[in-house]
Amino acid sequence: MAVAVQPRIRQTSTHEPGCSSVSGLRSRPRILYYWPVFERLFTHPSWAYRTGSFAFASAWPIGLLIISILVGAALIAWSLWRRRALGWSLLLPVGLLQTVLLAAVLVLLWRPVLNVERVRDRENELAIAVDASASMAYGDSGRSRLQDVAAALQNDTLQRLEKTFAVRLFGFAQTTTPLDSLDAMPPPGRQTRIGDALTQVLQSAGSAPLAGVILFSDGAENGDTLSEERLAQIASYGVPVHTVGIGPERVLDDLELERVEVASSAPAGSTIDAQITIRHNGAQQARLRVYDRDNLVAARDVKLRPEAASTQLALDLPAGQAGTHELRFVLDPLDGERNTVNNSRTRVVNVPATRRSILYVEGEPRWEYKFLRRAIDHDRALRVASIVRTTTNKHYRQGVNSPDELVDGFPSDAAELFGYEAVIIGSYEAAALRAEQHRLLKEFVDKRGGTVLMLAGRYGLSAGGWQNAALAQTLPVQLTGRQPAQFVQRPGQAQLTIYGAESPIPRLDVDAKRNLERWKNLPPLADYQSLGRLKPGAIVLLEANGEQGRSPLLVWQHYGRGATYVLATASTLRWQMRMPSEDRSHETFWRQLMHAISSTAPSRVTVNGERTVYEDERVVKVEAEVRDERFEPISDATVELQVAPERDAAFSQIMQPSGQGDGRYSATLDAASTGLYRIEMNARSGNKEVGSAVTHVLRNDGVAEHFATYQHRDLLERIATVTGGRYWPLSELDGLAGAIPYSKAGIVERQTLDLWNLPIVFLLLLALKLGEWLLRLRWGRL
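Residues numbered from 1 in each chain as written. Predicted model: local features only at pLDDT ≥ 70, side-chain atom pairs only at ≥ 80, totals over all residues. Heavy atoms only, no water.

**Comments concerning the sheet that holds strand S34 (residues 638-645)**
Definition in use: In this scheme, strands are said to pair when DSSP sees at least two bridges between them. The helix count covers DSSP runs of H or I at least four residues long, the strand count covers runs of E at least two residues long, and both are numbered beginning at the N terminus. Axes, fitted as lines to C-alpha atoms, cover a helix only where it is in contact. Angles between the N-to-C directions of the axes lie from 0 to 180 degrees.
One open sheet accounts for five strands, arranged S32-S39-S38-S34-S35; its pairing is mixed. Every interior strand has two partners, whereas the edge strands, strand S32 (613-615) and strand S35 (651-654), have only one. Averaged over all adjacent pairs, the angle separating strand axes in this sheet is 25 degrees, with direction ignored.

Put into structure tokens, the structure is as follows:
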């Protein structure tokens, strides 16, 4: 018997008045799926038991039921005690069966019921959203994933749902479209925007009660529409989203360039560090090639890890000459590989023609200075302007652009100092600078975003009193007080740390094992300076292994917008003097270190796309930053973009300020055509030209949906969990059709279902009495 009470829309967990609640069944972890045999025995659907709560409809107290059972059990025990001469091995089974039968009959007298909440038939809507993106066109056995969904729904599932709900169909990819039938599914789309689809489906319900949403998808979201904020917004509608996973969780016999990360810009002649992840299944080796447009620049055989789903590797690439470089990373396809689009990715690297400037200050002429300058003399991307103190009041300048540059020694003006990207301080005591210069040096790191490299020496670091300077706050080590034997001649072997092995700075060979071997074979250093305690953010790249153990040699950390480095030796020249003339270890190390400290400093005027490659997305977001010579933000500038598409006419667009007074501006471009876009930004403040900058972005179509074509079960489960729904495999769609009426969304009614008249109850009573009779018949003594 089912007793319907007042319908409602809000979800509650109360019971019918007069019912004594015993226990809730909502926390049962296992799911009872739709099963006709189950309903023949238990009368009601399995999901009624899964979501309902057990109670007694009788007004009699539960305490009386417990006392009655105990009294009945005592009477049975007393009657058996009188016949104890027959033996307890015979009496105990019969007594147990009699007690259970008595308890079952008494429980039935108390009228057990099941309180459930179920949607009212034909008074609620149910939305079915089917992923129609291009990844759903993949499949096995000659049938696509989309065809599998249509077949599963048309196999009486849709008819069962339509008996309870007014079903509304939607197809989605980059947009969401209402459907009259499954035959009206749109052609494969170029993007999967699950967040937009769910939001539109939920908003389209309007005032109609929506009992739930069924989402059929492989979960290959590539439109950036499922942030935590968007998920919270979807969950706020209070409508459960039941997700149905489509496709395999691992694609067999497939290689995919899952991730390729490179810097968006690099100095000319430098080395680009590419971080690559290859997803694989069914392959043990792959061949990776890198092209700069049509020119092959690198190739490597990659040994894949069979125990893992992906393999990561680092690749060093030449930045080349100034200009725009389209780096194309390509994996050779496997035999019989069906999807080869995901074997290739393109990245854009801007190599500016301008040289980066480094200020190098030395307190005394020394060999380290000579060999450092010699190492980078022929690097056209770097300019080192140096000051060497030759006598107390005399300095020797080298590498300056004009007679006025550094004519008064170390800069005393922010505009002059901030014109450099990095500063190197060698054997130079802190007392040689005034307090204002110390303040500017700290602001150079914190505010300007530059990098300071400090070298060891007789007057360097703590030996030069730098522990008391303002710059000490930015350093990666806590410099100790000045000590007489702080910088001494003592041998030490430079060794890579685990961080150094991954960093491009001390990379003397692209192969990790050969790189480690080359560092082991370098001549020992003649000196190294003791540093203080490392700060929490410090990263040690090199250590000096000497008689007193290991000591940090090359260490760095971020600070503010910039960074600071400490190299605790003045004898790297040994890597040149004591090695064969053809060995380039010394030059390679210093060039890579110089590029590292100078390449991260931002220019006064910058412009960048949100990313360098836009795949199947025509909305390009551009951000710019405008600062004056002292790197103060300019928030009232007129900032204009000149956009030159590869295949369309050029156009201009004004950028809008952020409104935060931080000198940041943004614009959104409509990149309708594919190809390379040249974006030039010009900034003016009043009648004054502030500066300009150039960047490039690449637009591709027909690419995104061919990556990550496996089923993203974690994402689908996350959507279901956040919204109060469940995740289902496509093979268990029958279970979903039986569960949705009990999802407690939309207009629901509370039902009280009797349990005393279930077929399984009468079968249980019959089994108990039959069991007792069979025992008596077998033993013939009771």
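**Observations concerning the environment of Gly460**
Basically, it comes down to this: To sort residues, take the accessible area from a 1.4 Å probe on protein chains only and compare it with the maximum for the residue type: under 20% means buried, over 50% means exposed, and anything in between is partly exposed. We call two residues in contact whenever any of their non-hydrogen atoms come within 4.5 Å of each other.
Examined against the element boundaries, Gly460 turns out to sit in the loop between strand S23 (451-455) and strand S24 (477-478). Gly460 sits in the buried class, given a relative accessible area of 0%. Note: C-alpha distance between Gly460 and Glu362 (98 residues apart in sequence) is 9.3 Å. Ignoring any residue separated from it by four or fewer positions in sequence, one finds Gly460 in contact with Gly426, Ser427, Tyr428, Leu455, Trp466 and Gln529.

**Some points on the pairing of strand S29 (residues 549-559)**
Judged by how many residues are buried, S29 sits mostly within the fold: eight of 11 residues are covered. Once strand S28 (residues 539-546) ends, the chain turns through two residues before running back antiparallel as S29. Of the pairings in the sheet, the one linking S29 to strand S30 (residues 562-567) comprises six bridges and is antiparallel in character. Bridging across to S30, Val555 finds its partner in Val566. Taking the residues that link successive antiparallel strands as the turn, the S29-S30 hairpin has two residues, and the phi of Gly560 there is positive, at about 60 degrees.

**Overview of empty space enclosed by the protein**
Counted only if it meets this: Here a cavity is any set of points on a 1 Å grid over the protein atoms alone where a 1.4 Å probe fits but cannot get out, and a pocket is any open set with protein on both sides within 12 Å along at least 5 of 7 lines; a residue lines the site when it has an atom within 4 Å of a point. Grid points are joined across faces, edges and corners, and a volume is the space filled by probe spheres set on the points. Asp, Glu, Lys and Arg are counted as charged, while Ala, Val, Leu, Ile, Met, Phe, Trp, Tyr, Cys and Pro are counted as nonpolar; the rest, among them Gly, fall into the polar class.
For the structure on display, the rule yields three cavities of 30 Å³ or more. Put simply, the largest cavity is a space of about 100 Å³. Along the walls of the largest cavity sit Arg250, Val251, Asp254, Glu256, Arg279, His280, Asn281, Ala309, Thr709 and Tyr710, which together make up its complete lining. Residue contributions to the lining of the largest cavity peak at three residues, all from strand S13 (residues 271-281). Residues belonging to the lining of the largest cavity are distributed by class as follows: three nonpolar, three polar and four charged.

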